[in-house]
Amino acid sequence: MAAVNEMEKKLAEYKCDTNEAICLKLVRFPEDVEDESTTFHPEFSHQLYGDDEVAFGYKGLQIQLYYSAGNLNTLFKVKYTSRVTDKFDCVEPDDVEGKVRAIIPAGFCCNTDDFVSLLEKEANFRPFGSLQHTYKVHNVEAGEDLTYHIHKVDVSCPGFREYHERLQTFLMWFIETASFIDVDDDRWDFFLVFEKYNKDGETLYATVGYMTVYNYYVYPDKTRPRVSQMLILPPFQGEGHGAQLLETVHRYYCTLAKVQDITAEDPSESYVKLRDFVLVKLCLTLSSFSNEKLSLGFSEEMASEAREKLKINKKHARRVYEILRLRNTDMSDEEKAREFRLEVKKRLFGPYRKNQRELTKMRKCLRPEELASHISQMDTSLQHEELEKSYQDVLADYRRVLERLAQV
């Protein structure tokens, strides 16, 4: 038994957290390759290395995936200080290299010198597609305003397909349920964010992030653009690029008569918060969301104007209304606070109202013991507690949106 425990202890020394082992980098200058401050790590690695996100068989494991900042030419290397050997019976190290090779496109470098030589070609790289929006962000570290461009592109653009194959590898590390898309489908639109910067008098571009949108058909002659994937790369997060990107995408589709409304596929909590902020900002320009009309409650006029002018569906328009209603409500006034609370809870009560309708149907067709079982699962007091919690969560989310709006 002691020998077994000793063996387990020895094997445990060869386990590595893959989120720490994977080292990602956007390289602008040759010195960035050795600069640890430019390295960032995945949020997730389970799609390649399993739910426990552990690789076995190595000590000091480092999986390097370095990309040139613009064109995303790739350097891939695996390093480690030691590896399991034959003295461990029937134990083999995980194929950490093979798993990465399965997701990165061919043509990557395995030699640092070869990769550094490609950086010289970055001056030739130009953003794909058509320019949709230009904006500036003040960078405290640089002490100046940096310029960013958002471009729209489709897969027919020369060189974009290969670039996108490299770009989408980031999804595996930062979107929990990410999957690669079929770019051969011409219903896909791509929106890319780039930073414009100078080096030795030359203008260069660095990849910041991107969004993919699929145009679904809506009978008889409309489309419904659905946001599929959105990612701002970690070195640029927290600078407002996501809001700039989403607003640009909305403004683009608002100009198209064939678009019915804009939706999102399985949106994350962070995306919903971002969308709330962007849609509220856009709806401030609509007459139906004026201060005077907000106090009268959510109206068909709001839903109609939001849909026709901004391609916002009724569900999202209602949420915008509630956020702006909160902004105009003096929550220290008990009566006004009560009116707002009831207005929001009336919407949140929808699922519970459905339960009540189901209960009415059950009374007609279930035996007494079956009915008692279902009623116990639909406890009224518990529903009220859940409703109150939902309201408080929504209120907190709305207040965060308003705080951000106040900073614009």
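In the annotation of an unreviewed UniProt entry, the protein is listed under the name Histone acetyltransferase type B catalytic subunit and assigned to Phoxinus phoxinus. Entered under Sequence similarities (unreviewed entry) in the UniProt record, the comment concerning the protein runs "Belongs to the HAT1 family." The Catalytic activity (unreviewed entry) field of the UniProt record for the protein holds the comment "L-lysyl-[protein] + acetyl-CoA = N(6)-acetyl-L-lysyl-[protein] + CoA + H(+)".

### Structural notes on the pairing of strand 13 (residues 222-232)
Across ten bridges, strand 12 (residues 202-218) lies against strand 13 in antiparallel orientation. Looking at strand 13, one finds that T212 is bridged to Q229. Remark: three residues form the turn of the hairpin made by strand 12 and strand 13, two consecutive strands paired antiparallel. The pairing of strand 13 with strand 14 (residues 263-264) spans two bridges and is parallel. Pairing of V227 across the sheet is with A264, part of strand 14. Read from strand 13 through helix 8 (residues 241-254) to strand 14, the crossover connection turns out right-handed.

### Looking at the UniProt feature "active site" (unreviewed entry) in the protein
According to UniProt, the positions carrying the feature "active site" (unreviewed entry) are E265. On the secondary structure map, E265 appears in the loop between strand 14 and helix 9 (269-283). Ignoring sequence-local partners within four residues, the contact set of E265 consists of R226, V227 and S228.

### Focus: the side chain of S68
For S68, the location among the structural elements is in strand 6 (residues 62-68). Residue S68 is classed as buried on the basis of its relative accessible area of 1%. Look past the residues within four positions of S68 in its chain and what remains in contact with it is V27, N73, F115, L119 and E122.

### A word on the UniProt feature "site: Interaction with histone H4 N-terminus" (unreviewed entry) in the protein
When the UniProt feature table is mapped to this numbering, "site: Interaction with histone H4 N-terminus" (unreviewed entry) covers W188. Tracing the backbone shows W188 in strand 11 (residues 188-199). Note on W188: relative accessible area 11%, which makes it buried. The residues touching W188, leaving out its near neighbours within four places in the chain, are D154, I181, D182, V183, T212, V213, Y214 and S228.

### Some points on the pairing of strand 2 (residues 22-27)
Working note: regular strand, side chains alternate between the two faces of the sheet. Here strand 2 lies mainly inside the structure; six of its six residues are buried. What you see with strand 2 is no split at all: I22, L24 and L26 on one side and C23, K25 and V27 on the other are buried throughout. Across six bridges, strand 2 lies against strand 6 in parallel orientation. By the bridge assignment for strand 6, V27 is matched with S68. Bridge analysis of strand 2 against strand 3 (residues 39-40) gives two bridges, and the strand direction is antiparallel. Bridging from a neighbouring strand, L24 pairs with F40 of strand 3.

### Examining the layout of surface pockets
Considered as a void within the structure, the largest pocket measures approximately 1,000 Å³ in volume. Forming the walls of the largest pocket are 36 residues, and the residues nearest its centre are I175, M230, S268, S270 and Y271. Contributing elements (two or more residues each) for the lining of the largest pocket: strand 12, strand 13, helix 8 and helix 9. It is strand 13 that provides the largest number of residues to the lining of the largest pocket, a total of six residues. Each residue belonging to the lining of the largest pocket can be placed in one class, and the counts come to 19 nonpolar, eleven polar and six charged. When its volume is computed, the second largest pocket comes out at roughly 780 Å³. In terms of lining residues, the second largest pocket is bounded by 27 residues, among which R28, N139, L146, E195 and F236 are the most central. Contributing elements (two or more residues each) for the lining of the second largest pocket: strand 3, strand 10 (144-153), strand 11 and strand 12. Of the residues forming the lining of the second largest pocket, the biggest block, five residues, is contributed by strand 10.

### What about unusual backbone geometry?
Cis geometry is adopted by the peptide bond preceding P220, which originates at Y219 and carries an omega value of 0°. Inspection of the secondary structure puts P220 in the loop between strand 12 and strand 13. Even without being a glycine, D200 presents a positive backbone phi close to 50°. Mapped onto the elements, D200 comes out in the loop between strand 11 and strand 12. According to the relative accessible area criterion, D200 is exposed, its value standing at 74%. The phi angle at K311 is positive, at roughly 60°, despite the residue not being glycine. Secondary-structure assignment places K311 in the loop between helix 11 (300-310) and helix 12 (314-327).

Calculation notes
- Residues numbered from 1 in each chain as written.
- Predicted model: local features only at pLDDT ≥ 70, side-chain atom pairs only at ≥ 80, totals over all residues.
- Heavy atoms only, no water.
- UniProt positions renumbered as here; feature names shortened; annotations may be inferred.
- Pairing = 2+ DSSP bridges.
- Helix = DSSP H or I, 4+ residues; strand = E, 2+ residues; numbered from the N terminus.
- Right-handed = clockwise from strand over helix to strand, strands pointing away.
- Contact = heavy atoms within 4.5 Å.
- Buried < 20%, exposed > 50% of the residue type's maximum accessible area, 1.4 Å probe, protein only.
- 1 Å grid on protein atoms, 1.4 Å probe; cavity = no way out; pocket = protein on both sides within 12 Å on 5 of 7 lines; lining within 4 Å.
- Points joined across faces, edges and corners; volume = space filled by probe spheres on them.
- Nonpolar A, V, L, I, M, F, W, Y, C, P; charged D, E, K, R; others polar.

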